[in-house]
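# Geometric and topological summary
Chain residues, written in single-letter form:
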Number of protein chains: 4
Amino acid sequence: MLDFQAILQEIEIEIQPYLTQGKIASYIPELSMVEPTSFAMSLMTVDGQSYHVGAHHKRFSIQSISKLFTLTMAISLVDEKIWERIGKEPSGSPFNSLVQLEYENGIPRNPFINAGALVVTDVILNELKDAQKSVLNFIRTLAEKEDINFDFSVAKSEALTGFRNRAMADFMKSFGNLHHEPSRVLDAYFHHCSIAMSTQELCKAGMYLANRGVQPWLSEPILTQRQTKRMNALMLTCGTYDAVGEFAYRVGLPAKSGVGGGILACLPGNFSICVWSPRLSEKGNSVAGAKALELFTTKTKMSIF
Amino acid sequence: MLDFQAILQEIEIEIQPYLTQGKIASYIPELSMVEPTSFAMSLMTVDGQSYHVGAHHKRFSIQSISKLFTLTMAISLVDEKIWERIGKEPSGSPFNSLVQLEYENGIPRNPFINAGALVVTDVILNELKDAQKSVLNFIRTLAEKEDINFDFSVAKSEALTGFRNRAMADFMKSFGNLHHEPSRVLDAYFHHCSIAMSTQELCKAGMYLANRGVQPWLSEPILTQRQTKRMNALMLTCGTYDAVGEFAYRVGLPAKSGVGGGILACLPGNFSICVWSPRLSEKGNSVAGAKALELFTTKTKMSIF
Amino acid sequence: MLDFQAILQEIEIEIQPYLTQGKIASYIPELSMVEPTSFAMSLMTVDGQSYHVGAHHKRFSIQSISKLFTLTMAISLVDEKIWERIGKEPSGSPFNSLVQLEYENGIPRNPFINAGALVVTDVILNELKDAQKSVLNFIRTLAEKEDINFDFSVAKSEALTGFRNRAMADFMKSFGNLHHEPSRVLDAYFHHCSIAMSTQELCKAGMYLANRGVQPWLSEPILTQRQTKRMNALMLTCGTYDAVGEFAYRVGLPAKSGVGGGILACLPGNFSICVWSPRLSEKGNSVAGAKALELFTTKTKMSIF
Amino acid sequence: MLDFQAILQEIEIEIQPYLTQGKIASYIPELSMVEPTSFAMSLMTVDGQSYHVGAHHKRFSIQSISKLFTLTMAISLVDEKIWERIGKEPSGSPFNSLVQLEYENGIPRNPFINAGALVVTDVILNELKDAQKSVLNFIRTLAEKEDINFDFSVAKSEALTGFRNRAMADFMKSFGNLHHEPSRVLDAYFHHCSIAMSTQELCKAGMYLANRGVQPWLSEPILTQRQTKRMNALMLTCGTYDAVGEFAYRVGLPAKSGVGGGILACLPGNFSICVWSPRLSEKGNSVAGAKALELFTTKTKMSIF
């Protein structure tokens, strides 16, 4: 039997040299105001045990990890119909590239690049009156934490500077692949990205991904078993930007990363795991976060492969 | 001595089979409301003689031909400094592609593709309070016609549907290559494109391009001789979208075309010539217009080559 | 306890409608001479049980499945050093595209696209005198079958028509990323692809991928446990051409496909599985093969996710 | 009346600071063995006057300037049919890119990029038994100089190192756009590029381009007037690699450059002009050569624009 707490503590020590590698996202001032060597890691097993090290109560901007939750909502709303407007393939390009979008007539390669998440948001807007609030409430329910909230200053900064995201939204609109006004979709999207959570909260919120679609403390399943399997497949092939191959190779877990420095991963049937450290690699993933997960799967010999 | 009027009349007859080829631009309703087999051709020599056939008084939407006049204004305002923000090379891509813009970090390939014209408009906005009105007044002066005007319904339609142009503007803003708000630049740009003129008016307005920078009826030159030479070089290498090679090969004149079906061309030192017919080739140039110019340079053996 | 034989037999029945979908590879005459509705499926568990349906003794051209075995040899020869010359990311492009190769200076995106396999072959040529024979012997050993052989007429046809592969080899040579003469590398590569095996043989040969690097009947491990995990990660993110996302989504097993219609997959710690049916999807994977694997993971609820 | 000799001498003085800018082509040893600050310029008017400055007797490797002569031969052999296999548009990409070739299914953008010249050579091979010798004889006739010859060591070096050109040839063969064996086409092509000529010889050889298709000392025209006009159009839009816009803007003459440092240009109806200086810009054109031509058209106010 593995002593998870001891393993996390080992990792917390071994990770030290990695905490000074990489660069904090600084395209908006709010993201750069965080302590650069922060580190936290939380693990929750499907039988309900939790383990933590580091600043696991400290909230950070979940950014692209929100794409997991918006996609989950969209799939629970329209299931497979979502794939009429988004692909399922890794992009082989930076997360915010417009090139592929042009070659592929406004159909984003997958739901985890920005363009794809904008279409996901547009789908939710089709189904629900208030996409922004609905997503927040959904996350609060997943994590059983009512005070999780948007960081409005982050959302506002994104709106003021996010010209590339706006370009993407307008571009997809020109191909007919957004049904709502780009500005409305962007507004909801920027708010989703701005949500602030701790590793402890994210780890708990993502339990259904490890647990065949079920949050044990909720009466209704979040996703069917089949939908959950597929969500994990998407995370593995598309969840870590243009580094999915390297991430699968080194870590071997389905995961979704964000430029706030968080990574949420899971081993289906076993555990949900979340790590946070704000310095990013060139490809936009937390350097120490990816290393910590690699150490974890190496030490425990637990991975999908 | 060539009898230009007779040659234009020959062309008017020979062009008939071409008037039914190609498709009228229909992305906004206003452009598709024109009589599809319309044809007009106007010639003005540097010694002041004018010749016309067809509906040469009929005004049509000049669209991208406006890029000639805005570039002329920008060059007269900031001269060579404009090339710090725009290239001078043919694009090898459709006029509204974002791919090259991404590979080249937001620097448009040349001032005659849409992205380039947006930067030109941004430059004019730096220098003049009211870019929109200034450009209109400039064109009125060039053509000596005070009732030339915007077609506000065209401009409004462009604004409502021009998501790809908006995407371009936002994209360049994200690279720092627009100084003003994208919406303001777009608004001026859409108005420039909406200006309605006849071949007779355009032909006269473009006389300076054939006449070393000078409109004979104005006291001040529009461009220096050197600037005029360079403007002609840009027209030849970049003026007819992704068909510049074919156009130079068949016609052999510096020219700028628009999706309204107009083409304004010149033979430096000799004449300004304008043709209009609304059906377009796949690459966006007037089919009968290009053919009429080819017939003209073949019959007269007058071209730059 | 699952009755694997019964499940395979169910699949054999349910797969019938899929056997007429897709197109047989016909770029060389030899590949098109196979019975188009052929089907075979073989399963081997890590505890040594085997199950088969269909033409499981019938040999077919393994084609790109050979890339698995050459990469295994190269990794056992030079381990991580191979990544200095090949990437680990999915390509987001067709398997034989030269575009990405140009943008990335002759470094192939991963070892499972053609360009990558040519570099792998070049690496083996560095280490072993006779790359061609060594690979054949390696596969014979893995499958415990001495009469597995090249199909020389397939290899010759590939050599005669494989101009795109030659272009790739020359292109990488121009970037300095092939050390041997392109013609020599291509010759070995075409021979590797021409090897003929049955699903029964391939399934057995690939057992080490499911079994932490070990063929139970051999004294020495083929790969370390860590290398095996990483090989599986590569298969999942790069093993099925530009359809890896879709394949992971629907099937959820690490796999490598070939244009001969074979797919070799595994569930680490559980089983090796091989399916064959020659008609291909547009992306180059066996239509019925992929469907049969999807049925298998759906019926057994056994996948990595 | 302009004093051309005086103008050339002025240019020879003013060009001095430019002779040390740029880099000599060094991808094969032979090209780098030339004196780096060499300079020569030759002018020949259509009425038969010649003017020279610098090392105008010194022969250098004409390289891509040979593309002019092979295209001329091909057009005189098959006229417009050549455009079934080659485009006429500027590439917007480096001269040796394979990207566009892939997007456009093996049809090179124009006859002056390497891929296009390989197709031109393939066309000549269709029509003439010995493409290599025929082209040499053609050039000897154009220049009235029987001792012009291949530089066999240059041709051999190109063959040994020209993997990118080989990749292009194989790639086009894979699309069916080469009819002969790639190795045979390449061999002829490398020999054409290796021909050594002086500015005096090139200037004379290119007279027909300035003189409506006629070498005054030959009984038969080389091209028709219409073909000559079109050749000039191609030179202007495609003759100076990915710098055609800049070249037209600054110089304003149809021209073809080579990496040996030569540029052959003309003003139709007026003169043929050739300049040589081996240091190249990043885009592959002679730095001092382009500047000298710019000085010439500025001083004489003679250009096509």
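Quantities reported herein were computed from a predicted structural model and do not represent experimental measurements.

Here the focus is the sheet that holds strand β2 (residues 40-45) of chain D. The strands that make up a sheet are held in pairs by hydrogen bonds between backbone atoms, and each pair lies either parallel or antiparallel. Residue and element names in this part refer to chain D. One open sheet accounts for five strands, arranged β3-β2-β8-β7-β6; its pairing is antiparallel. Looking at the sheet topology across the chains shown, the edges are occupied by β3 (50-54) and β6 (255-257). For this sheet the average axis-to-axis angle between neighbouring strands, irrespective of direction, equals 10 degrees. Sheet analysis places β6 next to strand β7 (residues 262-267), joined by three bridges and oriented antiparallel. Bridge assignment links lysine 256 to a residue of β7, and that residue is leucine 264. Each of β2 and β3 touches helix α1 (residues 4-14); the most contacted strand, β3, lies at about 20 degrees to it. The sheet strands contacting helix α14 (residues 287-300) are β2, β7 and β8 (271-276), and the helix crosses β8 at an angle near 145 degrees.

On to helix α8 (residues 163-174) of chain B, then. End to end, α8 of chain B covers 16 Å across twelve residues, agreeing with the expected 16 Å (1.5 Å per residue, within 8%). The buried fraction of α8 of chain B is high, at twelve of twelve residues. Of all the residues in α8 of chain B, the buried ones are Phe163, Arg164, Asn165, Arg166, Ala167, Met168, Ala169, Asp170, Phe171, Met172, Lys173 and Ser174 of chain B. Close packing links the buried residues of α8 of chain B with α8 (163-174) of chain A together with α4 (99-103), α5 (114-127), α7 (152-161) and α9 (182-194) of chain B. Within two residues after α8 of chain B, glycine 176 of chain B carries a phi angle of roughly 80 degrees, on the positive side.

Right, let's talk about the interface of chain C and chain A for a bit. Contacts between the two partners involve 28 residues from chain C, matched on the other side by 28 residues from chain A. The set of elements that each furnish at least two residues to the side of chain C that touches chain A consists of α11 (225-238) and α12 (244-250) of chain C. Sort the elements by how many residues they give to the side of chain C that touches chain A and α11 of chain C lands first, with eight residues. When grouped by side-chain class, the residues that make up the side of chain C that touches chain A number twelve nonpolar, nine polar and seven charged.

In this section: the domain arrangement of chain A. Residue and element names in this part refer to chain A. When its domains are assigned, chain A resolves into domain 1 (4-60 + 198-300) and domain 2 (64-194). For domain 1 versus domain 2, the distance between C-alpha centres works out to 21 Å. Taken together, the contacts link 28 residues of domain 1 with 29 residues of domain 2. Considering every element that reaches the side of domain 1 that touches domain 2, the biggest residue donor is helix α12 (residues 225-238), with five residues.

This next bit is on the interface of chain A and chain B. Contact residues are listed per partner, giving twelve residues for chain A and twelve residues for chain B. Breaking the side of chain A that touches chain B down by element, the ones donating at least two residues are α4 (99-103) and α8 of chain A. Among the elements that line the side of chain A that touches chain B, the one with the most residues is α8 of chain A, at eight residues. Tallied by class, the residues present in the side of chain A that touches chain B amount to five nonpolar, two polar and five charged.

Attention now moves to the packing of helix α5 (residues 114-127) of chain A against α8 of chain A. All names here are of chain A. Packing of α5 against α8 brings their axes to within 10 Å, and their N-to-C directions diverge by 60 degrees. As the angle between them shows, α5 and α8 are arranged oblique. Here the hand of the crossing between α5 and α8 comes out right-handed. Residues Asn114, Ala115, Leu118 and Val119 of α5 pack against Asn165, Met168, Ala169 and Met172 of α8. Classifying every residue of the contact of α5 with α8 by side-chain character gives six nonpolar, two polar and no charged.

Residues and elements named next belong to chain D. Counting buried residues along β2, five of its six residues qualify, which places the element largely inside the surrounding structure. Taken together, the five bridges between β2 and β3 define a ladder with antiparallel strand orientation. Pairing of methionine 44 across the sheet is with serine 50, part of β3. What sits between β2 and β3 in their antiparallel hairpin is a turn of four residues, with glycine 48 showing a positive phi close to 95 degrees. Of the pairings in the sheet, the one linking β2 to β8 comprises six bridges and is antiparallel in character. Following the sheet pairing, leucine 43 is matched in β8 by isoleucine 273.

Before going further, it helps to spend a moment on the sheet that holds strand β7 (residues 262-267) of chain A. All names here are of chain A. The five strands lie next to each other as β3-β2-β8-β7-β6, forming an open sheet whose pairing is antiparallel. Only two strands of the sheet have a single partner each, and these edge strands are β3 (50-54) and β6 (255-257). Along the sheet, successive strands turn relative to each other by an average axial angle of 10 degrees, direction set aside. Two strands pair when backbone bridges link them, and β7 and strand β8 (residues 271-276) are joined in this way by six bridges, in the antiparallel orientation. When the bridges of β8 are listed, cysteine 266 appears paired with serine 272. Along the sheet, helix α1 (residues 4-14) makes contact with β2 (40-45) and β3, crossing β3 at roughly 20 degrees.

Moving on, we come to unusual backbone geometry. Residues and elements named next belong to chain C. Here glutamine 63, not a glycine, exhibits a phi torsion of approximately 50 degrees, which is positive. Note that glutamine 63 resides in the loop between β4 (60-61) and α2 (66-78). Residue glutamine 63 is classed as buried on the basis of its C-beta count, with 22 C-beta atoms lying within 10 Å. Non-glycine residue arginine 212 carries a positive phi angle of around 55 degrees. Here arginine 212 shows up in the loop between α10 (207-210) and α11.

Calculation rules
- Residues numbered from 1 in each chain as written.
- Chains lettered and ligands numbered in written order.
- Predicted model: local features only at pLDDT ≥ 70, side-chain atom pairs only at ≥ 80, totals over all residues.
- Pairing = 2+ DSSP bridges.
- Helix = DSSP H or I, 4+ residues; strand = E, 2+ residues; numbered from the N terminus.
- Axes fitted to C-alpha atoms, helices over the stretch in contact; angles between N-to-C directions.
- Contact = placed C-beta atoms within 7 Å.
- Expected span 1.5 Å × (residues − 1).
- Buried ≥ 20, exposed ≤ 12 C-beta atoms within 10 Å, placed from the backbone.
- Nonpolar A, V, L, I, M, F, W, Y, C, P; charged D, E, K, R; others polar.
- Domains from an automatic or database assignment.
- Parallel < 35°, antiparallel > 145°, perpendicular 65-115°, else oblique.
- Left-handed = near helix turned anticlockwise from the far one by under 90°.

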